[in-house]
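Summary of the model geometry
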Number of protein chains: 2
Amino acid sequence: MKTEIISKNELLAHWLGHRNLTRQAIEKFPEEALFNYKVEGMRTFAEMIQELLGIAVPGLQEIVNNKSGELNEKFSYTTKAQLLQAWDEATPQISALFDKIPTERFSEEFNLFGQYNSPIIHSIFYFIDNEIHHRGQGFVYLRLLGIQPPFFWERD
Amino acid sequence: MKTEIISKNELLAHWLGHRNLTRQAIEKFPEEALFNYKVEGMRTFAEMIQELLGIAVPGLQEIVNNKSGELNEKFSYTTKAQLLQAWDEATPQISALFDKIPTERFSEEFNLFGQYNSPIIHSIFYFIDNEIHHRGQGFVYLRLLGIQPPFFWERD
């Protein structure tokens, strides 16, 4: 009998599945649209992806080191290949850092990026939910560009 | 010291917070656009909301009763008020049903809607993630309609 609804490793696997799907969404974009197409009042999908890159590994590093830093969501990537490479390089870092957070710390408060004070589990959910949110927006961009998005349930 | 990363009640609270935000998104839509506006190849936001309504309570009922049924995501709501009422009526049902799932069942396999066989925790995450995904799409619809969406972090 299991007394927890989800283990730490299962939550990581869930996140990594989402990251696979987001990677597929990046791949579907023509390079020009990835960096230039946007809906009025919104950002390009490349900018959203850079926000995600600026949050995941740096956020986990702060948590692991128990030391708040500053949020940086601007990078100088200009090609799809660079963006995908950064995405892929983040994956093993996310796994390694996530592994280092002791289970009992997930309920501890931490001041993420020096401005979001909440239990660590809330920050982790924010990382995942924010990715799902922006990827959903990327799916609409793809439709607006006449491109079929990947399937939501394909996470491998 | 806590040995689980998130409790059952915390996960429910997290979902209910997302449901509050989705409710705000529904409210932002002009009624006509809610039921008629869509991007080529996609559904209206009202249709997406009806999918969410067709999944949450019925899915939890199946899990609680340990009996698969059929997915129905079509309803006959034609006004924003009806949609919001259905949304609000689902909330206490979600809470009550969720409460009835014993912690140890979350890792059990269940064949949701007779077609998605997976651990119950995966189905619950699907309910939440799918809502975040479609709400993100609804945010783009709002932007395309020239309307500012609610803030992603406002869940109360």
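Details of the structure are given in the entry above.
Residues numbered from 1 in each chain as written. Chains lettered and ligands numbered in written order. Predicted model: local features only at pLDDT ≥ 70, side-chain atom pairs only at ≥ 80, totals over all residues. Heavy atoms only, no water.

Time to look at the overall build of chain A. Each helix and strand in chain A was counted, giving 5 helices and 2 strands. Along the longest, intermediate and shortest principal axes, the C-alpha atoms of chain A span 45 × 40 × 25 Å. By residue count, 53% of the 156 residues in chain A fall in the buried class. Residue pairs at least 24 apart in sequence account for 75% of intrachain contacts in chain A once pairs closer than 6 positions are excluded. Total accessible area computed for chain A in this model is approximately 7,000 Å², and 48% of it derives from carbon and sulfur atoms. (Helix = DSSP H or I, 4+ residues; strand = E, 2+ residues; numbered from the N terminus. Buried < 20%, exposed > 50% of the residue type's maximum accessible area, 1.4 Å probe, protein only. Contact = heavy atoms within 4.5 Å. Areas by Shrake-Rupley, 256 points an atom, 1.4 Å probe, with all protein chains shown as cover.)

Another aspect to go through is the pattern of salt bridges. Enumeration according to the criterion identifies 8 salt bridges over all chains in this entry. We note a salt bridge from Glu27 of chain A to Arg23 of chain A, for which the minimum N-O separation is 3.2 Å. With Glu27 of chain A and Arg23 of chain A both in helix 1 (residues 8-28), this residue pair falls 4 residues apart, about one helical turn. On the basis of relative accessibility, which here comes to 42%, the residue Glu27 of chain A falls in the partly exposed class. Linking Arg43 of chain B and Glu51 of chain B is a salt bridge whose minimum nitrogen-to-oxygen distance equals 2.8 Å. Residue class for Arg43 of chain B comes out partly exposed when judged on its relative accessible area of 27%. The exposure class of Glu51 of chain B is buried, given its relative accessible area of 7%. One salt-bridge network, in which partners are shared between bridges, spans Arg23, Glu27 and Asp88 of chain A. (Salt bridge = Lys/Arg side-chain N within 4 Å of Asp/Glu carboxyl O.)

Applying the stated criterion to the full structure yields 17 aromatic pairs over all chains. Residues Phe125 of chain A and Phe125 of chain B carry aromatic rings whose centres are separated by 6.1 Å and whose planes lie at 40° to one another, so their mutual orientation is tilted. Of the two residues, Phe125 of chain A sits in helix 5 (residues 120-144) while Phe125 of chain B sits in helix 5 (residues 120-144), which places them in two different chains. Of the two residues, Phe125 of chain A and Phe125 of chain B, both sit in the buried class. With centroids separated by 5.2 Å and ring planes inclined at 25°, the aromatic side chains of Phe151 of chain B and Trp153 of chain B adopt a geometry described as stacked. Trp153 of chain B sits in the exposed class, given a relative accessible area of 59%. Seen from the ring of Trp87 of chain A, Arg19 of chain A lies directly overhead, with NZ or CZ sitting 4.0 Å from the centre. (Phe/Tyr/Trp six-rings, centres within 6.5 Å; stacked < 30°, edge-to-face > 60°. Lys NZ or Arg CZ within 6 Å of the ring centre and 35° of its normal.)

Expressed as a screw operation, the relation of chain A to chain B combines 0.0 Å of axial shift with a rotation of 180°, fitting to an RMSD of 0.0 Å. Both copies of the chain, as the preceding transformation shows, are related through a two-fold rotation axis. Comparing interface residues between copies, 100% of those in chain A also lie at the interface in chain B; the contact surface is shared. (Least-squares fit on C-alpha atoms with pLDDT ≥ 70 in both.)

Taken together, the 34 residues of chain A in the interface contact 34 residues of chain B. Both faces considered, chain A and chain B share a buried interface measuring about 3,200 Å² in area, 74% of it formed by carbon and sulfur atoms. Connecting chain A to chain B are 0 salt bridges. For the interface between chain A and chain B, the tally reads 4 residue pairs in polar contact (both at pLDDT 80 or more). Here the side of chain A that touches chain B gets 14 residues from one element, more than from any other, and that element is helix 5 of chain A. Classifying every residue of the side of chain A that touches chain B gives 16 nonpolar, 11 polar and 7 charged. (Buried area = accessible area lost by both parts, 1.4 Å probe. Polar contact = N/O pair within 3.5 Å; in protein donor to acceptor, adjacent residues only side chain to side chain. Nonpolar A, V, L, I, M, F, W, Y, C, P; charged D, E, K, R; others polar.)

All we've got here are geometric facts, nothing functional implied.
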